[in-house]
Amino acid sequence: MKKVYFISGLGANKKAFQFLDLSFCEPVFVEWIMPLRRETLPEYAARLKMNIASPHPIVVGVSFGGMLVSEMAKKDPQMHGIIISSNKISAEFPAYLRVWKNFPVYNWVSPKLIKLTSALTRRVMGPKGATQQKVFREILEETDPAFTAWAVDAILKWENKTIPQNVVHIHGTADRLLPYKYVSSSFTIDGGSHLMIMDKAYELSTLLKQIVDKLTN
């Protein structure tokens, strides 16, 4: 069975993947490492990649994890990247996120307040049902505010302009954080939100199996 590596989104951990059916592979959940002072997103991605042992890995990244996968794929042409609810280049950010880069108010508030704002934003996006809500609360409680503060800064300063050819992009049409109209995706999940690894788990699991099977045959 093929080993597949998974990198979660900002503030999340492997619990976010529990709604997916990953029986088609041997899943390995990549743990976060602490960022260095003033470390950029590409620099962090390079260090995190050192924890992926396979020589020709398949790496799946969600949201922030997908941005890291894109950077890894640029440096390693033998890698197969799959990104979900994410973007490959900085130009795929919506305009309102790009504006934040020029007015970095996120640097003027405490990490704890950033964590609270992030939590409220996620609730607006809305995990559905009691089980998803419970998992979401657990993930938020385990989020490191300092890591979140660093990651927000690193994301908004990310200036990637190169689309890696070894990356497959899956995006949902109902993603409100990274709207579908701004990205160029390889596969589309109709009605998929930014949290579609939870609320479109069946469709996403089926598609992931098809992609991984194609990459390994």
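Rules used throughout
Residues numbered from 1 in each chain as written. Predicted model: local features only at pLDDT ≥ 70, side-chain atom pairs only at ≥ 80, totals over all residues. Heavy atoms only, no water. Helix = DSSP H or I, 4+ residues; strand = E, 2+ residues; numbered from the N terminus. Contact = heavy atoms within 4.5 Å. Areas by Shrake-Rupley, 256 points an atom, 1.4 Å probe, with all protein chains shown as cover. Core = buried A, V, L, I, M, F, W, Y, C linked by side-chain atoms within 4.5 Å. Buried < 20%, exposed > 50% of the residue type's maximum accessible area, 1.4 Å probe, protein only. Expected span 1.5 Å × (residues − 1). Pairing = 2+ DSSP bridges. Axes fitted to C-alpha atoms, helices over the stretch in contact; angles between N-to-C directions. Salt bridge = Lys/Arg side-chain N within 4 Å of Asp/Glu carboxyl O.

Caption draft 1: View of the overall build of the protein chain. Within the protein chain one finds eight helices and six strands. Scanning the protein chain from its N terminus toward the C terminus, one meets helices and strands in the order β-β-α-β-α-β-α-α-α-α-β-β-α-α. Once local pairs closer than 6 in sequence are excluded, the contacts in the protein chain between residues at least 24 apart make up 64%. Of the roughly 10,800 Å² of accessible surface on the protein chain, a fraction of 58% belongs to carbon and sulfur atoms.

Caption draft 2: Examining the nonpolar core more closely. The biggest cluster of nonpolar side chains holds 30 residues, and the ones touching the most others in it are I7, L41, F64 and L68. Among the elements of the structure, strand 1 (3–7), helix 1 (41–49), helix 2 (64–75) and helix 6 (145–156) are those that each provide at least two residues to this core. The element best represented in this core is helix 6, accounting for seven residues. Once residues within four sequence positions are removed from consideration, F64 is found in contact with G9, L10, W32, L41, F147, W150, A151 and I155. F17, V60, I84 and L204 belong to the second-largest nonpolar core, a separate cluster that totals 26 residues.

Caption draft 3: Here's a closer look at helix 2. Here helix 2 is twelve residues long and its end C-alpha atoms lie 18 Å apart, about the 16 Å a rise of 1.5 Å per residue gives. Here helix 2 lies mainly inside the structure; ten of its twelve residues are buried. All of the buried residues in helix 2 are F64, G65, G66, M67, L68, V69, S70, E71, M72 and A73. On its buried face, helix 2 sits against strand 1, helix 1, strand 3 (58–62), strand 4 (80–84), helix 6 and strand 5 (167–172).

Caption draft 4: Layout of the pairing of strand 4. Most of strand 4 sits out of view: four of its five residues are buried. As paired elements, strand 3 and strand 4 share five bridges and run parallel to each other. Of the residues in strand 4, the one forming a bridge with V59 is G81. Bridging between strand 4 and strand 5 involves four bridges; their strand directions are parallel. Counterpart to G81 in the pairing with strand 5 is V167.

Caption draft 5: Focus on the sheet that holds strand 4. In space, the six strands of this open sheet follow the order 2-1-3-4-5-6, with parallel pairing throughout. Looking at the sheet topology across the chains shown, the edges are occupied by strand 2 (26–29) and strand 6 (187–189). Within the sheet, the average angular offset between the axes of one strand and its neighbour, ignoring direction, is 20°.

Caption draft 6: Geometry of the environment of Q210. Mapped onto the secondary structure, Q210 falls in helix 8 (residues 201–216). Exposure remark for Q210: the relative accessible area of 48% places this residue in the partly exposed category. In the structure, Q210 is positioned 186 residues away from F24 in sequence and 9.5 Å away in space, judged by C-alpha atoms.

Caption draft 7: Region of the structure containing the pattern of salt bridges. Under the criterion given, the structure shown has eight salt bridges. Notably, a salt bridge pairs D153 with K157, separated by 3.3 Å at the nearest N-O pair. Residues joined by salt bridges that share partners form a network here, namely E71, K74 and K75.

Caption draft 8: Quick look at the environment of F64. Mapping F64 onto the fold places it in helix 2. On the accessibility criterion, F64 (1% relative accessible area) is buried. Along the primary structure F64 and A12 are separated by 52 residues, whereas in three dimensions their C-alpha atoms are 9.8 Å apart.

Caption draft 9: Local environment of unusual backbone geometry. For R38, which is not glycine, the phi torsion reads 60° and is therefore positive. If you check the backbone angles, S63 has positive phi at about 55° while not being a glycine. Tracing the chain through its elements places S63 in the loop between strand 3 and helix 2.

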